[in-house]
Amino acid sequence: AKPDTDRRAERVAVGKRVGRAQRVGRAQPLPCAQPVGRAQRVCRAQPVARSKSVGRPDCVSRAQPVARRLLIDLPEARASARSPKAAGYPRPMTSERMAPSEAARAAMVRRQLRARGIKDERVLAVMGELPRELFVDVGNPEVAYEDAALPIAAGQTISQPYMVARMTELLDVEPGDRCLDVGTGSGYQAAVLARLGASVVSYEREPELAETARERLARLGLGESVQIMVGDGSAGDAERGPWDGIVVAAAAPRIPMPLREQLANGGRLVIPVGGRFRQELMVVTRHGDEWFEASDGPCVFVPLIGVEGFPG
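These numbers come from a predicted model, not from an experiment.

Peer 1: Could you give an account of the sheet that holds strand E3 (residues 178–182), naming the residues involved and the relevant values?
Peer 2: Here 7 strands make up an open sheet; going across it, the order is E5-E4-E3-E6-E7-E8-E9 and the pairing mixed. The outermost strands of the open sheet, each flanked by one partner alone, are strand E5 (226–230) and strand E9 (290–299). Within this sheet the neighbouring strands show an average axis-to-axis angle of 15 degrees, counted without direction. In this sheet, E9 lies alongside strand E8 (residues 279–287) in antiparallel orientation, the contact comprising 8 bridges.

Peer 1: Can you break down the pattern of salt bridges residue by residue, with the values?
Peer 2: Summed over the entire model, instances satisfying the criterion amount to 13 salt bridges. In this structure, Arg 216 engages Asp 137 in a salt bridge whose closest nitrogen and oxygen atoms are separated by 3.7 Å. Of the two residues, Arg 216 sits in helix H10 (residues 207–219) while Asp 137 sits in the loop between helix H7 (121–129) and strand E1 (150–151), which places them 79 residues apart along the sequence. Looking at Arg 216, the relative accessible area reads 9%, which means it is buried. A salt bridge links Glu 211 to Arg 214, with the nearest nitrogen and oxygen atoms 3.1 Å apart.

Peer 1: Run through the nonpolar core, naming residues and quoting values.
Peer 2: If you look at the biggest cluster of nonpolar residues, it comprises 49 residues, and the most contacted ones within it are Leu 113, Met 127, Tyr 188, Val 192 and Leu 193. Sorting the residues of this core by element identifies helix H6 (100–113), H7, helix H8 (161–171), helix H9 (188–195), H10, E5 and E8 as the ones contributing at least two each. Broken down by element, the residue count for this core peaks at 7 residues, all from H8. Not counting residues within four places of it along the chain, the set of residues in contact with Val 192 comprises Val 126, Met 127, Leu 130, Val 164 and Thr 168. Grouped together as the second largest cluster of nonpolar side chains are 19 residues, Val 182, Trp 243, Val 248 and Ala 250 included.

Peer 1: Help me get a handle on the pairing of strand E7 (residues 263–274), residues and values and all.
Peer 2: Pairing analysis gives 4 bridges linking strand E6 (residues 243–248) to E7, with the strands arranged parallel. Paired with Gly 245 across the two strands is Arg 268, which belongs to E7. Of the pairings in the sheet, the one linking E7 to E8 comprises 7 bridges and is antiparallel in character. Along E8, the bridge assignment pairs Leu 269 with Val 284. The antiparallel pairing of E7 with E8 creates a hairpin that spans 4 residues between the two strands.

Reading the values: rules and limits
Residues numbered from 1 in each chain as written. Predicted model: local features only at pLDDT ≥ 70, side-chain atom pairs only at ≥ 80, totals over all residues. Heavy atoms only, no water. Pairing = 2+ DSSP bridges. Helix = DSSP H or I, 4+ residues; strand = E, 2+ residues; numbered from the N terminus. Axes fitted to C-alpha atoms, helices over the stretch in contact; angles between N-to-C directions. Salt bridge = Lys/Arg side-chain N within 4 Å of Asp/Glu carboxyl O. Buried < 20%, exposed > 50% of the residue type's maximum accessible area, 1.4 Å probe, protein only. Core = buried A, V, L, I, M, F, W, Y, C linked by side-chain atoms within 4.5 Å. Contact = heavy atoms within 4.5 Å.

Right, dumping it as structure tokens:
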């Protein structure tokens, strides 16, 4: 057996070694991989990526000033931090969630109308709601919203969306106005006027087009707002006049005098005037016994056939 003095010396030596190791351990930075105890205080000082866990960010994320600024500046991030499952709801209606025809209609209003200077919000709203695909016979509804005039029956066309919007804007229709629509065609222009609150009388030379337009307008609940007549509308309708607005969807060789005379005081006539292949979109405004004419620029329409138009 060892003497007591030797055992005491060994315990003192062991104690000194353990003490030095503990002091060294407290002075050395422990790796961030250790998730507990004092190692967490070391991790807070490290530029470690934000935790991927759901819920409240851990101590590492709270220590990063960049992450904090993003949470403050971005409402979406703030909502996500509060409730990850509810982030982004309710979502706004986007073209990805719309039916194809609705998405095409929204794109038409945005790109073809608003981007080109159509400013009347009423016109934009009506054309953004009215299903243009119901007025053309196409297999793909999105084709109805192309930036072009499209063929319909009887060798006629439905006007380009921008032209419909521009002519309607120039007409400056108010609810309760009485409007004459010359050249019913598909019935789309008459539907836009009716949705703006006008009472419309529309003339169409082709019985087939007139009947189809009646059916379409009835399905949209506009049958009582639009009266479709079969006949030559180039000379207007003096018996039902005067008119607050007259819109002609075909090109006349000159401004028809009967249409000018049938305007009410303050009324407007919008009509393409020129040759068969190129015209100017003319706006005629009546003030008492004076008429003022202005051009809104070049356009191309099918010819107006009738006594005040081109020979058939």
